[in-house]
Amino acid sequence: MSATDLAAVAQAMVARGRGVLAADESNATITKRFAALGIESTEENRRAYRDTLLSTPGLEDYISGVILYDETIRQSSADGTPFPTMLAQRSILPGIKVDTGSMPLANDNDEQVTEGLDGLRKRIAEYVSLGAKFAKWRAVIIIDEARGFPSDYALHCNAHALARYGALCQEGGLVPIIEPEVLMDGSNDIDVCFDVTVHAQRRVFQELDRQQVDPRGMVLKPNMVISGKGCATQASPQEVAERTLECLYRTVPPAVPGIAFLSGGQSASVATEHLDLMNRMGPHPWQLTFSYGRALQDEALRTWKGSTDNVAEAQKVASHRASLTSAAATGTYSRDMESAAV
Ligand code: 13P
């Protein structure tokens, strides 16, 4: 794919009012989410759940692309249409998670590095033949002030791996979603999250540049700048929006077409409100949209509960949530829309 084609896909992923549904949970992660609701994690149940989400009527009005997992990209809808084909027929771009998860760094360190580079060029070629147009790789950055995390070692290794992945994707014809996720699990305040996120993103863009990743043919998927879950003082939504924007303005080249945030464990309404506020403070040099997993799916999964009887209701819930998140991507969301009839 030419640089122009990659840029066109990246722009379509972040087209105004549309965003990405992250439905790429690994089998281990979806098994945990199912177990919490008493749903058995069989291959057929995973397929049926993804089918419920992906065949939601009207999904294409809000969703530009869906990130699939290796098992899912090979599965089909109930009528036998492969998921990537079904998505493409509805003008939704099929994407693929290509990292293989994060592991502890070597040498006695509790920080993580993401794996999956070995053989990636070949895997990318296969995913392209299955219909994928973009890919995702998630790096995990842990904040622990007492232990000096994130270390320079962890930031370097993760930025380097993200750039190697990004370069291989563009070479092979996929738009890379570059996801350096600073976790919100700590007890740190928002200032620490700001400093770490600025630092992590700077390192990522330096590596992307060194490894010749074209900023016009990628999408950044960052965390928002937010107080740690365990912090006694939680920053207001206004502060989260302002600090997140300040971080992006300091680190992200304007040639990047769009930024698609992860939700990272924020509730659906909070993640939606934060995105909405940032868009109200625009225009910005990049589109600001979403690539939410839990914030788009949690309520729909609770409604589906593993039963075909609940498919229609779960789809209504999924569509309503996607419509609110899409409104936030244009700065037109309001809290009263949460309670509107689904
Ligand atoms: P969350 O929105 O649930 O954080 O998931 C997005 C994602 O793809 C994480 O890699």
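Just above sits the structure.
All values derive from a computational prediction rather than experimental measurement.

J.: Even after reading the chapter, I still don't get the site of the ligand, so can you show me in this structure?
T.: Within the structure, the ligand sits among 13 residues, and K136, K221, S263, G264 and R294 are positioned closest to it. For the ligand, an oxygen atom lies 2.5 Å from a polar atom in the side chain of S263. Isolated, the ligand exposes 300 Å² of accessible area, and the fraction of that covered by the protein chains is 92%. With respect to the pocket detection grid, the ligand is positioned in the largest pocket.

J.: Is there a simple way to think about the packing of helix α11 (residues 294-304) against helix α12 (residues 311-328) in this case?
T.: Axis angle and axis distance: for two packed helices, these are the angle between their axes and the distance between the axes, and together they describe the pair. In contact at an axis separation of 8 Å, α11 and α12 are set at 165° when each is read in the N-to-C sense. If you check the angle between α11 and α12, you find them roughly antiparallel. For the pair α11 and α12, the crossing hand works out as right-handed. The residues of α12 that touch α11, namely those facing A295, L296, E299, A300, T303 and W304, are V311, E313, A314, V317, A318, R321, A322 and T325. Here the contact of α11 with α12 is composed, by residue class, of nine nonpolar, two polar and three charged.

J.: Is there a simple way to think about the layout of surface pockets in this case?
T.: Taking a probe equal in size to a water molecule and rolling it over the atoms shows the remaining empty space. Estimates place the volume of the largest pocket at around 770 Å³. As for the largest pocket, its lining consists of 32 residues, of which T29, R33, R138, E181 and R294 are closest to the centre. Elements that contribute at least two residues to the lining of the largest pocket include exactly α2 (27-35), β6 (134-141) and β7 (175-182). For the lining of the largest pocket, the leading source of residues is α2, giving four residues. Residues belonging to the lining of the largest pocket are distributed by class as follows: seven nonpolar, eleven polar and 14 charged.

J.: What should I look at first to understand the packing of aromatic side chains in this one?
T.: Each aromatic ring pair is described using two quantities: the centre-to-centre distance and the angle formed by the ring planes. Applying the stated rule across the entire model yields six aromatic pairs. Relative to W304, the ring of F34 lies with its centre 5.9 Å away and its plane at 45°, an arrangement referred to as tilted. Remark: W304 occurs in helix α11 and F34 occurs in helix α2; sequence separation between them is 270 residues. Site record: aromatic cluster; members linked through ring pairs are F34, Y49 and W304.

J.: How do you make sense of the pairing of β6 when you look at a structure like this?
T.: It is a general feature of regular strands that their side chains alternate between the two faces of the sheet. Where burial is concerned, most of β6 is hidden: seven out of the eight residues are buried. In this structure, strand β3 (residues 93-97) lies alongside β6, joined through three bridges in parallel fashion. Across the sheet, residue I96 finds its bridge partner in β6, namely A135. Since β6 and β7 lie parallel, the crossover through helix α7 (residues 152-172) that links them has a hand, and here it is right-handed.

J.: What should I look at first to understand unusual backbone geometry in this one?
T.: Glycine aside, negative phi is the norm for most residues, and most peptide bonds take the trans geometry. Note that the residue after F149, namely P150, is joined by a cis bond; omega there is 5°. Mapped onto the fold, P150 is located in the loop between β6 and α7. Omega for the peptide link from G282 to P283 comes to 5°, which places this bond in the cis form. Positioned with a positive phi, S91 is a non-glycine residue whose angle comes to about 60°. Turning to its location among the elements, S91 is positioned in the loop between α5 (83-89) and β3. According to the relative accessible area criterion, S91 is exposed, its value standing at 53%. The residue Q212 is not glycine, and still its phi comes out positive at about 65°. As for its placement among the helices and strands, Q212 is situated in the loop between α8 (190-210) and β8 (219-220).

How each quantity is defined
- Residues numbered from 1 in each chain as written.
- Predicted model: local features only at pLDDT ≥ 70, side-chain atom pairs only at ≥ 80, totals over all residues.
- Heavy atoms only, no water.
- Near = heavy atom within 4 Å.
- Polar contact = N/O pair within 3.5 Å; in protein donor to acceptor, adjacent residues only side chain to side chain.
- Areas by Shrake-Rupley, 256 points an atom, 1.4 Å probe, with all protein chains shown as cover.
- 1 Å grid on protein atoms, 1.4 Å probe; cavity = no way out; pocket = protein on both sides within 12 Å on 5 of 7 lines; lining within 4 Å.
- Sits in = over half its atoms within 2 Å of the grid points.
- Axes fitted to C-alpha atoms, helices over the stretch in contact; angles between N-to-C directions.
- Helix = DSSP H or I, 4+ residues; strand = E, 2+ residues; numbered from the N terminus.
- Parallel < 35°, antiparallel > 145°, perpendicular 65-115°, else oblique.
- Left-handed = near helix turned anticlockwise from the far one by under 90°.
- Contact = heavy atoms within 4.5 Å.
- Nonpolar A, V, L, I, M, F, W, Y, C, P; charged D, E, K, R; others polar.
- Points joined across faces, edges and corners; volume = space filled by probe spheres on them.
- Phe/Tyr/Trp six-rings, centres within 6.5 Å; stacked < 30°, edge-to-face > 60°.
- Buried < 20%, exposed > 50% of the residue type's maximum accessible area, 1.4 Å probe, protein only.
- Pairing = 2+ DSSP bridges.
- Right-handed = clockwise from strand over helix to strand, strands pointing away.

Geometric values such as these leave the question of function open.
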